[in-house]
Amino acid sequence: FFFFNMMFRKEAILAVSIAAITTITGCNAFLTPSLRNASSKTPTSTSCLQATVEDNSLKQTTTTTTTTKALVPPDAISDGDVPDLFEKNVLKTYGRYPVTIVSGEGCTLTDIDGKKYLDFVAGIATCALGHSNPYLTKAITDQMATLHHCSNLYYIPSQAKLASWLVQNSVADKAFFCNSGAEANEGAIKLARRHASNRGITDPIIITAIQSFHGRTLAALSATAQPKYHKGFGYGGEMVRGFQYVPYNDLEALEQMVHEMNTTPDELEKEGRKRGVAAIMLEPLQGEGGIVPGNADYFQLARKLCDETNALLLCDEVQVGMGRSGTLWGYEQLGVEPDVFTSAKALGGGVPIGAMCARGEAATVLGPGDHASTYGGNPLACSAGLAVAQYFSDHDILDNVKERGEQLSTGLLALAEKYPHICGDVRGWGLLKGIRINDDAGVTAGELVADAMKEGLLLVPAGTSVVRFVPPLIVSEEEIDSALEIFEKTIANFEKPYSI
């Protein structure tokens, strides 16, 4: 009934409209045949409306037609001048050295001109198995040919197996996968806040260390206690709220901060709010902060304070973890067990993957919908992680890290003794080593890195005054010797050897 009623009303409205047009204009010549038939029921008809209606229809069609630009295929883009392509198309978020790397094998990289470099950067502690590792390449290729990605709405075998490997080789009970260290740390921050909220804390505080580095995303950057990274990213002069900073390895400062942050100010209490420490978040060894190892007493105090206040101890293992310290995890060097630790970089051997691993109560905090990642734990990344893990066992990688780390330390200490005006102390664990460049050396760490690159050795600064050595974990005795030889040649350009 409704349908027929509406049809009747439409015909009636159309007839009235046509009648009005013909009455006003005195013609129906512009009407289309169907409209003309409809208008035959009206007292007058002319031949002047049809052309206008058809012309307007044509105009309307013309204005809604758009021209689609043909896609530019990648093979039509010349890569003959890579720096120029960067200059024109890539955001300038990095200060790049004038080198274009095109291939690599083992601990050697080759640039576009065919020059070879001994790589003691490893993608900044990422390419644990070096470059073009056959085992890793095969694992990735096989997985790519089978299934490279599907949603976390379904079970993924390689994700389950990699999570099991992490759990069986750490203090963790559960693992969450993402794509990077910053994302893993964001997940740890969220977990700590939710855990605090479950305890009735409305104003959760996460304590981190001065000179720390936890990533470039906003909360991870707020946790990073280096103001130079905060500039221009705040709101009203503040970064993400809820972070407090203390000096690294300062026991008294840490204890005082925990006590202070677990006391709710009167003004908050009147509003029904509660302040409390949600977590203490620390790197077992500060990487970007200058290759500064944690003090065992400091970390054991942090563990004790967290136990006493029901806060969580979070360890950022993004750079030092996955064997670089000589143990699988940096916290093993310090005699503590964190509630949560994060991993990335070497976990996939250069394939993007990150993990947040939790134990005990912390492993039960997040439920479905509380946290997620589209790409996290996909089959391709997890197969890469499993290949790295298997290679560690098959080739005794941790033993190699310890032996080559000792060799590197011995060599750097000898250089520090030989060139005391330039070189200060040698620091670090395993194959994460740094040598401090004295303030009055007449050369900066960055300048030494640039000069070493000209000699065929790739290094990377850690802060403004430390040269960092982070080779692939497969590095050989001969390659360590070669790196030390090139670095000495670089130093010798600025100072004559010290002799008694």
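Note that this is a predicted model, so its numbers are computed, not measured. (Residues numbered from 1 in each chain as written. Predicted model: local features only at pLDDT ≥ 70, side-chain atom pairs only at ≥ 80, totals over all residues. Heavy atoms only, no water.)

Let's talk about the sheet that holds strand S3 (residues 116-119)
The strand order S1-S2-S3-S15 describes an open sheet built from four strands, whose pairing is mixed. Edge positions in the open sheet fall to strand S1 (101-105) and strand S15 (457-458), since each of these has one partner strand only. When S3 meets S15, the two strands line up parallel, connected through two bridges. If you follow Asp119 over to S15, its bridge partner there is Leu458. (Pairing = 2+ DSSP bridges. Helix = DSSP H or I, 4+ residues; strand = E, 2+ residues; numbered from the N terminus.)

Re the pairing of strand S11 (residues 340-343)
Burial along S11 is two-sided: the residues Val340 and Thr342 and Phe341 and Ser343 are all buried. Sheet analysis places strand S10 (residues 312-316) next to S11, joined by three bridges and oriented parallel. Along S11, the bridge assignment pairs Cys315 with Phe341. Pairing geometry for S11 and strand S12 (residues 354-358), over four bridges, is antiparallel. Across the sheet, residue Val340 finds its bridge partner in S12, namely Ala358. (Buried < 20%, exposed > 50% of the residue type's maximum accessible area, 1.4 Å probe, protein only.)

A word on the sheet that holds strand S13 (residues 423-429)
A sheet is described by the order of its strands in space; here four strands give the open sequence S13-S14-S17-S16, paired in antiparallel fashion. Each end of this open sheet is capped by a strand with a single partner; those strands are S13 and strand S16 (460-461). Pairing analysis gives four bridges linking strand S14 (residues 432-437) to strand S17 (residues 466-469), with the strands arranged antiparallel. Its bridge partner being in S17, Ile435 is matched across the sheet by Val467. Across the face of the sheet, helix H14 (residues 397-418) comes into contact with S13, S14 and S17 while running at roughly 5 degrees to S14. Against the sheet, helix H15 (residues 445-454) contacts S14, S16 and S17, and its axis sits at roughly 45 degrees relative to S17. (Contact = heavy atoms within 4.5 Å. Axes fitted to C-alpha atoms, helices over the stretch in contact; angles between N-to-C directions.)

So, the pattern of salt bridges
Side-chain pairs of opposite charge can arise where the charged atoms are in close proximity. Tallying each qualifying case throughout the model produces 19 salt bridges. Residue Asp425 is joined to Arg436 by a salt bridge in which the shortest nitrogen-to-oxygen separation is 2.7 Å. Of the two residues, Asp425 is situated in strand S13 and Arg436 in strand S14; the sequence distance between them amounts to 11 residues. Through salt bridges with shared partners, one network takes in Arg303, Asp307, Glu337, Asp339 and Arg359. (Salt bridge = Lys/Arg side-chain N within 4 Å of Asp/Glu carboxyl O.)

Looking at the packing of helix H6 (residues 134-144) against helix H13 (residues 379-394)
Close contact between H6 and H13 brings their axes to 9 Å; oriented N to C, the two are set at 150 degrees. As far as their axial angle goes, H13 and H6 are roughly antiparallel. Considering only the axes of H6 and H13, their crossing is right-handed. From H6, Tyr135, Leu136, Ala139, Ile140, Gln143 and Met144 reach across to H13, where they touch Pro379, Leu380, Ser383, Ala384, Ala387, Val388, Gln390, Tyr391 and Asp394. For the contact of H6 with H13, the class distribution of residues is 11 nonpolar, three polar and one charged. (Parallel < 35°, antiparallel > 145°, perpendicular 65-115°, else oblique. Left-handed = near helix turned anticlockwise from the far one by under 90°. Nonpolar A, V, L, I, M, F, W, Y, C, P; charged D, E, K, R; others polar.)

Considering helix H16 (residues 477-492)
In this model H16 runs 23 Å from its N-terminal to its C-terminal C-alpha over 16 residues, within 8% of the 22 Å that 1.5 Å per residue would give. Listed as buried for H16 are Ile480, Ala483, Leu484, Ile486, Phe487, Thr490 and Ile491. Along the axis of H16, the buried positions cluster into a sector of 165 degrees, meaning they face one direction only. When the buried face of H16 is taken as reference, the exposed residues oriented beyond 90 degrees from it are Glu478 and Glu485. (Expected span 1.5 Å × (residues − 1). Arc of directions from axis to C-beta.)

What about the layout of surface pockets?
In this structure, the second largest pocket spans a volume of roughly 860 Å³. In this structure, the second largest pocket is lined by 26 residues; those nearest its centre are Gln159, Ala175, Phe176, Phe177 and His371. Broken down by secondary-structure element, the contributors of at least two residues to the lining of the second largest pocket are helix H7 (157-168), strand S4 (174-178) and S12. Residue composition of the lining of the second largest pocket, grouped by class: 18 nonpolar, seven polar and one charged. (1 Å grid on protein atoms, 1.4 Å probe; cavity = no way out; pocket = protein on both sides within 12 Å on 5 of 7 lines; lining within 4 Å. Points joined across faces, edges and corners; volume = space filled by probe spheres on them.)

What to know about H14
Counted at 1.5 Å a residue, the expected span for H14 with its 22 residues is 32 Å, and the 31 Å between its end C-alpha atoms agrees. Of the residues making up H14, those classed as buried are Ile397, Asn400, Val401, Arg404, Gly405, Gln407, Leu408, Ser409, Gly411, Leu412, Leu415 and Ala416. Structurally, H14 contributes buried residues whose contacts are with H13, S13, S14, S17 and H16.

Details of the environment of Ser151
Mapped onto the fold, Ser151 is located in the loop between H6 and H7. For Ser151, a relative accessible area of 29% translates into the label partly exposed. In sequence terms Ser151 and Gly376 are 225 residues apart; their C-alpha atoms lie 9.2 Å from each other. Polar side-chain contacts of Ser151 include one of 3.0 Å to the backbone nitrogen of Leu153. (Polar contact = N/O pair within 3.5 Å; in protein donor to acceptor, adjacent residues only side chain to side chain.)

Some words on the packing of aromatic side chains
For the structure on display, the rule yields nine aromatic pairs. Both rings, one in Tyr248 and one in Phe299, keep their centres 6.4 Å apart while their planes meet at 85 degrees; by these two values the pair is edge-to-face. Highlighted residues: Tyr248 in the loop between strand S6 (243-246) and helix H10 (251-261) and Phe299 in helix H12 (residues 296-309), separated in sequence by 51 residues. A single burial state applies to Tyr248 and to Phe299, both of which are buried. Both rings, one in Tyr331 and one in Phe341, keep their centres 5.6 Å apart while their planes meet at 55 degrees; by these two values the pair is tilted. You can see Tyr331 sitting in the loop between S10 and S11 and its partner Phe341 sitting in strand S11, a full 10 residues away along the chain. An identical accessibility class is assigned to Tyr331 and Phe341; each is buried. Put simply, the rings of Phe120, Phe469 and Phe487 pair up and form one aromatic cluster. (Phe/Tyr/Trp six-rings, centres within 6.5 Å; stacked < 30°, edge-to-face > 60°.)

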